[in-house]
Amino acid sequence: MAYLPIEDHGIIGDLHTAALVGTDGTIDWLCLPRFDAPSVFASILDDAKGGHFRLRPINPVRSQQLYLPDTNVLLTRFLSPEGVAETTDFMPIEPVGKEHHQLVRDIHVIRGRLSIEVDCRPAFDYARQEHEVEFVEDGVVFRAPGMALNLASEVPLKGGPGGSVRARFTLEEGESVSFVLQLLEGDERPRGVLTRAECRNILQQTLDYWRRWTSRCTYHGRWREMVVRSALALKLMVYDPTGALVASPTMGLPETIGGERNWDYR
């Protein structure tokens, strides 16, 4: 997998941590459960062993990203001769003390009939911890020392190399499939798959949260869209329990691969 430029990424988050989503449909950076926690996806650093979560059509020709208006819900649109698909990525904002640190990925075919691939391979603790894959009724659980991640899927998943799970499936025009990655705490049981109604409800709650927040903006000049987008990006870098602002979601990445500086100024 080639390395994408940093500008070819969108960002989603839950005010505790943030994930980078590439225009190729790959989540290649995510630390859980906090910004300063070790990474579980870090293929932006090492595409061989860093860990990733890929969801996309198998043969896209080009793609583009945009945010749903006044929100941090990210949409990636894939175009190919066979049709058009859209992936909606977001992290629900949950009440203090009830955070589940969920990441929702929903893919929907707008036009045509498309073959889709999903490939999820976490690499715990900056790829220093091995993990086991436990297949459960509605997906899988990735278990590493001190952490467990549940990937709920309505698509049957198969084990792959390096502790990954994969699937290929076909969606017709108008069909959708969702995947939910959730951090499991203590003895918490794996979650079931989202129904379409549940997925729409969680999405709407997330949209409502961000739009309530942006509605407090008092600037209504000609640059309002840019001002709001900048504010939304900054808000994603706030650690909500303390109000601390991180330098950047990728504050631990090197300036250049293999270089001496560990400040990603981009």
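Rules and cut-offs
- Residues numbered from 1 in each chain as written.
- Predicted model: local features only at pLDDT ≥ 70, side-chain atom pairs only at ≥ 80, totals over all residues.
- Heavy atoms only, no water.
- Phe/Tyr/Trp six-rings, centres within 6.5 Å; stacked < 30°, edge-to-face > 60°.
- Helix = DSSP H or I, 4+ residues; strand = E, 2+ residues; numbered from the N terminus.
- Buried < 20%, exposed > 50% of the residue type's maximum accessible area, 1.4 Å probe, protein only.
- Salt bridge = Lys/Arg side-chain N within 4 Å of Asp/Glu carboxyl O.
- Pairing = 2+ DSSP bridges.
- Axes fitted to C-alpha atoms, helices over the stretch in contact; angles between N-to-C directions.

J.: Run through the packing of aromatic side chains, naming residues and quoting values.
T.: Under the definition given, this model contains four aromatic pairs. Their ring planes at 45° and their centres at 6.2 Å tell us that Phe41 and Phe53 sit as a pair that is tilted. With Phe41 in strand β4 (residues 39-41) and Phe53 in strand β5 (residues 52-57), this residue pair connects regions lying 12 residues apart in the sequence. Accessibility assignment for this pair places Phe41 and Phe53 in one class, buried. With centroids separated by 6.2 Å and ring planes inclined at 40°, the aromatic side chains of Phe169 and Phe179 adopt a geometry described as tilted. In this pair, Phe169 sits in strand β15 (residues 165-171) while Phe179 sits in strand β16 (residues 176-184), placing the two residues 10 residues apart along the sequence. Across this residue pair, the class does not change: Phe169 and Phe179 are buried. In this structure an aromatic cluster arises from ring pairing among Tyr209, Trp210 and Trp213.

J.: Tell me about the pattern of salt bridges, and name the residues and values.
T.: Think of it this way: side chains of opposite charge can pair up when their charged atoms draw near. As enumerated under the stated definition, the model contains 12 salt bridges in all. For Asp89, the salt bridge is made with Arg105, and the minimal N-O distance between the two is 2.5 Å. With Asp89 in strand β8 (residues 83-90) and Arg105 in strand β9 (residues 102-112), this pair connects stretches of sequence that are 16 residues apart. Residue class for Arg105 comes out buried when judged on its relative accessible area of 0%. A salt bridge links Arg166 to Asp119; the nearest nitrogen and oxygen atoms lie 3.3 Å apart. Of the two residues, Arg166 sits in strand β15 while Asp119 sits in strand β10 (residues 114-121), which places them 47 residues apart along the sequence. Its relative accessible area of 41% is what places Arg166 among the partly exposed residues. We classify Asp119 as buried; its relative accessible area is 7%. One network of salt bridges, with partners in common, ties together Asp24, Arg56, Glu117 and Arg168.

J.: Tell me about the sheet that holds strand β13 (residues 147-153), residues and numbers included.
T.: Two strands in a sheet stick together by hydrogen bonds in their backbones, pointing the same way (parallel) or opposite ways (antiparallel). The strand order β6-β7-β8-β9-β16-β13-β12-β11 describes an open sheet built from eight strands, whose pairing is antiparallel. A single partner strand is all that each edge strand has here, and the edge strands are β6 (62-67) and β11 (132-136). Neighbouring strand axes in the sheet, compared pairwise and without regard to direction, differ in orientation by 15° on average.

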